[in-house]
Amino acid sequence: QVQLAESGGGLVQAGDSLTLSCAFSGGSFPKYRLAWFRQAAGKEREFLASCNWSGTTMLYGDSAKGRFTISKDNARNTGYLHLNSLKPEDTAIYYCAVDDSNFLVSRRDSEYMYWGQGTQVAVSS
């Protein structure tokens, strides 16, 4: 049974940086593509970033381009999302998701089979 556990969220000030981690268990992490999404209160879930199984091909959503970086460490069974230059509008619950049905990166949440419980990021002005 694949399980994902996010960590690294917290309360930070505008302009700060954070690194979110996504710990994977219950399968072979190198087989899975990884994605990060977020959901702010009262808003729909938003795609942030995706990478392929090896972490060599990335796709970013508009909110993440230039500020967030996705990475995948297959040896450590862990995925990451590095958040830079945080803004108050980045306040949300951040989720990682994985899928092994396709090697291509994707922004569609429906394509990801397994999801973590999320980690809260709050950015004060």
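All values derive from a computational prediction rather than experimental measurement. (Residues numbered from 1 in each chain as written. Predicted model: local features only at pLDDT ≥ 70, side-chain atom pairs only at ≥ 80, totals over all residues. Heavy atoms only, no water.)

Draft legend 1. The pattern of salt bridges, seen in detail. Per the stated rule, a full pass over the model turns up 9 salt bridges. Salt-bridge contacts for Arg33 lead to Asp99; the nearest nitrogen and oxygen are separated by 3.1 Å. With Arg33 in strand β4 (residues 33-39) and Asp99 in strand β9 (residues 92-99), this residue pair connects regions lying 66 residues apart in the sequence. Grouping residues by exposure puts Arg33 and Asp99 together as buried. The residue Lys65 makes a salt bridge to Asp62 at a minimum N-O spacing of 3.5 Å. Look at Lys65 and you get exposed, because its relative accessible area is 51%. On the accessibility criterion, Asp62 (68% relative accessible area) is exposed. One network of salt bridges, with partners in common, ties together Arg33, Asp99, Arg108 and Glu111. (Salt bridge = Lys/Arg side-chain N within 4 Å of Asp/Glu carboxyl O. Helix = DSSP H or I, 4+ residues; strand = E, 2+ residues; numbered from the N terminus. Buried < 20%, exposed > 50% of the residue type's maximum accessible area, 1.4 Å probe, protein only.)

Draft legend 2. Molecular detail of the state of the cysteines. In total, this model carries 1 disulfide according to the counting rule given. For Cys22, the disulfide goes to Cys96, at an S-S distance of 2.1 Å. One disulfide, between Cys22 and Cys96, carries an S-S torsion of 70° and so falls in the right-handed class. Here Cys96 lies in strand β9 and Cys22 lies in strand β3 (residues 18-25), a separation of 74 residues in the sequence. The cysteine Cys51 is free of any disulfide, with Cys22 supplying the nearest cysteine sulfur at 10 Å. (Disulfide = S-S within 2.5 Å.)

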